[in-house]
Amino acid sequence: MLLRAFTTALLSLSLAACATLPAPQSTAAPTPTRFEAGMVSAADPRAAEAGAEILRKGGSATDAAIATMLALTVVEPQSSGIGGGGFYVRGNADGMVDTIDGRETAPALAKPDWFLDSDGKPLPFREAVASGLSIGVPGNVALAAEAHRRHGKLAWRDLFAPAIRLARQGWILSERGRDFLLRNKATGMRDKAAAALFYDAGGEPLPVGTKLTNPVLAETLERIAERGSQAFYNGQDGADLAIAVARDTPRKATMTEADVMNYKARYRKPVCGTYRAYKVCGMGPPSSGATTVLSILGMMERFDLSQMSASSPTFWHLFAEAQRLAYADRERFLADPDFVSVPVPQLIDRDYLAHRSGLIRADKTAETVEPGLDLIPPDGDEPPENGTSHFAVVDRDGNAVSYTSTIEGPFGSGLMHDGFFLNNELTDFSFVPEKDGLPVANRVEGGKRPRSSMAPSLVYGPDGKLVLAVGAAGGGTIPVQVTKSIIAFIDWKLPIAEAIAVPVLYSPDDTVIVEKGSALEALIPGLKALGHARVVAYSLPLKTNAVAVTSQGLIGAGDPRSEGVAVSQ
Ligand code: GLY
């Protein structure tokens, strides 16, 4: 009861913050760089509060983001956690940006035929997910340790306190949490330990309002808190993780203790570009996030979007066409840069994007869309997923962290180890190693990181100061959610809560998908009239979180399609 009341209080706190939003935000006033209180936006109120608690104790944005990631492992186990990986984008108020890649790696023994059956055919997707074949070496703990080493202020162990408390003392199962358990019963119940935590003896999810605890996870977190990241990757814990994955893998080749022990989070060069007078920075390969966001923005820039709105069919048509072009490049070129040469500068080059934008006509749909650079072989398929969570933090000094964390699909592989779900991130690789006789860039290889769509982003204003930390969950839709929110924030000057709420149109190929139940459904005939042959309304897995810096201070928001909230320090 207490916890429920606490959550309600947080929600009203967040709604109160939204109610005082200035509309529209002025971009002309000087952007503040110090604040009375920092802010955390996350997909679950308990996790946002965990981050805010760390800010109150004097923690940095990085400290708070790590605490939020750990708390999400407990309270949103279907989406992300220490059994998965993530990308961390950190910037100071003036635009110095660092990025760390905590993406999972394939075992060293993995080969391009990893997801093929004995006849050389791709395994059925669900079969691949629900086995050790899908599990990559988790990266979030190594990422957190690296980020903390560079930008932490509080002691490492302090960052674990809120998550350990939640796991030990309990959290309340929400309607959304139960819905995930219900819809993903097969994965959620695959492991006896997981089934015992979340389902009753008859296999039904526990009722909404149940106080859940996860003492095994509390102990795991305590070990990492006390002994550092080596408690996860080295010694008996690392060996046990590899053994658990091997036991679940229907192959002789599998994850080994050495794979776990050798895992390294990697610093990557941030990928930054401009959109109008703004600088947008994000995560480069192995994520396709920043290149895809910048590519769509770069193609949209020549259109006067300030004269359009979310109800303008022309806007959505242009947005669909820009997406088709950007995703064609993404499909072909994006993969792990340690294995494949990814032409990042060319893909976001202004002249190149102006040329690509020239292929877009306002009155007509392009019949076919091809990648624009003739450099490397084509890329392959990508499955849908929605087991991801984004969180954004801005601290009192104006330092920001935009961090997207994932276990890939709901409950990841369904294998629970030491109280957390192990990811199924390797299914983000192409199952097909060759296409048209040529190797696919995102094919499986030993030690490689699968391509991601995650797009944790930071936006800097015309004065060079931070204006927005934003990111999303939702598989391939992630770059589109982020781009749409940035356009709504910059061109339409919408308060960030409204920018996030603007509906989504997703058009990675020749099918245009509009968000089911949104106002965009009414635009379907208009889009068809412009030549889009297939326009459908689907429920999309949408979940954006952001914190904006305005002339009035920090304003955060969660996605109205989720339980997401922003909590002030
Ligand atoms: N698994 C989500 C992503 O990396 O895009």
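Here the structure is shown first, and the text comes after it.
Keep in mind that this is a model prediction, so the values were computed, not measured.

Peer 1: For the packing of helix α14 (residues 289-300) against helix α18 (residues 478-490), give the residues involved together with the corresponding values.
Peer 2: Between α14 and α18, the shortest axis-to-axis distance is 9 Å and the interhelical angle comes to 45°. Taken as axis vectors, α14 and α18 run oblique relative to one another. Viewed along their axes, α14 and α18 form a crossing whose handedness is right-handed. Side by side, α14 and α18 meet where G289, T292, V293, I296, L297 and M300 of the first sit next to P479, V480, V482, T483, I486 and I487 of the second. Each residue belonging to the contact of α14 with α18 can be placed in one class, and the counts come to nine nonpolar, three polar and no charged.

Peer 1: Please give an account of the site of the ligand that cites residues and values.
Peer 2: Neighbouring the ligand are ten residues, the closest being R103, E425, D428, S452 and S453. T406 is positioned with one of its side-chain polar atoms (N or O) 3.5 Å from a nitrogen atom of the ligand. In the complex, 100% of the free accessible area of the ligand, which totals 190 Å², lies under the protein chains. The residue inventory of the shell around the ligand, partitioned by class, reads one nonpolar, four polar and five charged.

Peer 1: Outline the packing of helix α6 (residues 161-169) against helix α10 (residues 215-227), listing residues and values.
Peer 2: Between α6 and α10, the least distance of the axes is 7 Å, while the angle of their chain directions is 155°. By the angle between their axes, α6 is roughly antiparallel relative to α10. Our pair here, α6 against α10, has a crossing hand that is left-handed. Across from A163, I164, A167 and R168 in α6, the residues of α10 making contact are P215, A218, E219, L221, E222 and A225. Split into classes, the residues belonging to the contact of α6 with α10 amount to seven nonpolar, no polar and three charged.

Peer 1: If you had to explain the pairing of strand β21 (residues 553-557) to someone new, which residues and values would you point to?
Peer 2: Where burial is concerned, most of β21 is hidden: five out of the five residues are buried. In this antiparallel pair of consecutive strands, strand β20 (residues 543-550) and β21, the connection spans two residues.

Peer 1: Explain the packing of aromatic side chains to me, and be specific about the residues and the numbers.
Peer 2: For the structure on display, the rule yields 15 aromatic pairs. The interplanar angle of 90° and the centroid separation of 6.3 Å between the aromatic rings of Y88 and Y403 together place this pair among those described as edge-to-face. With Y88 in strand β2 (residues 85-91) and Y403 in strand β10 (residues 400-408), this pair connects stretches of sequence that are 315 residues apart. Side by side, Y88 and Y403 carry an identical accessibility label, which is buried. Between W316 and F319 the ring centres are 5.8 Å apart and the planes differ by 65°, which places this aromatic pair in the edge-to-face class. Within this pair, W316 and its partner F319 are both found in helix α15 (residues 313-333), separated by three residues, close to a single helical turn. Of the two residues, W316 and F319, neither departs from the other in class, the shared state being buried. Here the aromatic residues F232, Y233, Y263 and F420 are joined through ring pairs into a cluster of three or more.

Peer 1: Lay out unusual backbone geometry with the relevant residues and their values.
Peer 2: In this structure, the amide linkage connecting P285 to the following residue, P286, adopts the cis form with an omega of 15°. Mapping P286 onto the fold places it in the loop between β8 (278-282) and α14. Its identity as a non-glycine residue notwithstanding, D436 has a phi of 50°, on the positive side. Mapped onto the secondary structure, D436 falls in the loop between β13 (434-435) and β14 (438-439). For D436, a relative accessible area of 70% gives the class exposed. In the Ramachandran plot, K493 falls in the positive-phi region, its phi being about 55° despite a non-glycine side chain.

Peer 1: Talk me through the sheet that holds strand β22 (residues 565-568); I want residue IDs and the actual numbers.
Peer 2: Read from one edge to the other, the open sheet built from seven strands follows the order β6-β3-β2-β10-β9-β1-β22, with strand pairing classed as antiparallel. Only two strands of the sheet have a single neighbouring strand rather than two, namely β6 (266-268) and β22. The average undirected angle you get between the axes of adjacent strands in this sheet is 15°. Relative to β10, β2 is paired through seven bridges, and the arrangement is antiparallel. Within β10, the residue paired with F87 across the bridge is T404.

Peer 1: Let's hear about the sheet that holds strand β15 (residues 457-460): which residues, and what values?
Peer 2: The six strands are arranged β7-β8-β15-β16-β20-β21 in an open sheet whose pairing can be described as antiparallel. Two strands lie at the open edges of the sheet, namely β7 (271-275) and β21, each paired on one side alone. In this sheet, adjacent strand axes meet at a mean angle of 15° when their direction is disregarded. Direction of pairing for β7 relative to β8: antiparallel, over a ladder of five bridges. When the bridges of β8 are listed, G273 appears paired with V280. Across the face of the sheet, α18 comes into contact with β7, β8, β15, β16 (466-473) and β20 while running at roughly 150° to β16.

Peer 1: Outline the state of the cysteines, supporting the account with residue identities and numerical values.
Peer 2: Inspection of the entire model under this criterion finds one disulfide. Across the disulfide from C272 sits C281; the S-S distance is 2.1 Å. Looking down the S-S bond of the C272 and C281 bridge, the torsion is 110°, so its handedness is right-handed. What makes C272 partly exposed here is its relative accessible area of 32%.

Peer 1: Quick one: what's the story with α15, residue by residue and with numbers?
Peer 2: Taking 1.5 Å as the rise per residue, α15 with 21 residues should run 30 Å; its terminal C-alpha atoms sit 30 Å apart, in good agreement. Of all 21 residues in α15, 18 are buried, a share of seventy percent or more.

Peer 1: So what's going on with the pattern of salt bridges? Which residues, and what values?
Peer 2: Tallied over the full model, the rule gives 37 salt bridges. Close ionic contact of R150 with D98 constitutes a salt bridge, the shortest N to O distance being 3.5 Å. Of the two residues, R150 is situated in helix α5 (residues 140-151) and D98 in strand β3 (residues 97-102); the sequence distance between them amounts to 52 residues. Exposure remark for D98: the relative accessible area of 18% places this residue in the buried category. Among the ionic contacts, a cluster of salt bridges with common partners joins D101, R266, R268, D336, D338 and R449.

Peer 1: An account of the nonpolar core is needed here, citing residue identities and associated values.
Peer 2: Generally speaking, a soluble globular protein has its nonpolar side chains buried in company with each other. Of all hydrophobic cores here, the largest spans 91 residues; its most connected members are L468, I486 and I496. Of all the elements, α15 adds the most residues to this core, at ten residues. Judged by nonpolar contacts, the second largest core, of 76 residues, contains A52, A61, L154 and V567.

Cut-off values and rules
- Sequence order as written defines the numbering, with residues in each chain counted from 1.
- The model is predicted, so local features are restricted to residues of pLDDT at least 70 and side-chain atom pairs to those at 80 or more, both for listing and for counting; the totals for chains, interfaces and linings are taken over all residues.
- Remark: hydrogens and water are excluded; side-chain values derive from all non-hydrogen atoms of the structure.
- Angles run from 0 to 180 degrees between N-to-C directions of axes, and those axes are lines fitted to C-alpha atoms, restricted for helices to the stretch in contact.
- Strands are runs of DSSP state E lasting at least 2 residues, helices are runs of H or I lasting at least 4, and numbering of each runs from the N terminus.
- Orientation labels follow simple angle bins: below 35 degrees gives roughly parallel, above 145 gives roughly antiparallel, 65 to 115 gives roughly perpendicular, and whatever is left gives oblique.
- Throughout, a crossing is termed right-handed when the near helix is turned clockwise from the far one, and left-handed when it is turned anticlockwise from it by less than a right angle.
- What makes two residues a contact is simply this: any of their non-hydrogen atoms within 4.5 Å.
- Under the convention adopted here, Pro, Cys and the residues Ala, Val, Leu, Ile, Met, Phe, Trp and Tyr are nonpolar, Asp, Glu, Lys and Arg are charged, and Gly plus all remaining residues are polar.
- If even one non-hydrogen atom of a residue comes within 4 Å of a molecule or strand, that residue is called near it.
- In protein, a polar contact requires one atom able to donate a hydrogen and another able to accept it; more generally it is a pair of N or O atoms within 3.5 Å, and residues adjacent in sequence count only if both atoms are side-chain atoms.
- Only the protein chains shown count as covering a residue, and every accessible area follows the Shrake-Rupley method with a 1.4 Å probe.
- We call a residue buried when its accessible area falls under 20% of the maximum for its residue type, exposed when it is over 50%, and partly exposed in between, using a 1.4 Å probe and counting protein chains only.
- Two strands make a pair as long as DSSP finds a minimum of two bridges between them.
- Stacked, edge-to-face and tilted are the three classes for Phe, Tyr and Trp ring pairs, Trp counted by its six-membered ring, which pair at centre distances within 6.5 Å; planes under 30 degrees apart are stacked, over 60 edge-to-face, the rest tilted.
- Here, two cysteine sulfur atoms that lie within 2.5 Å of each other are counted as a disulfide.
- The span you would expect from a helix comes to 1.5 Å times its residue count less one.
- Think of a salt bridge as a Lys or Arg side-chain nitrogen and an Asp or Glu carboxyl oxygen that are within 4 Å of each other.
- We define a nonpolar core as any set of buried Ala, Val, Leu, Ile, Met, Phe, Trp, Tyr and Cys residues linked to one another through side-chain atoms lying within 4.5 Å.

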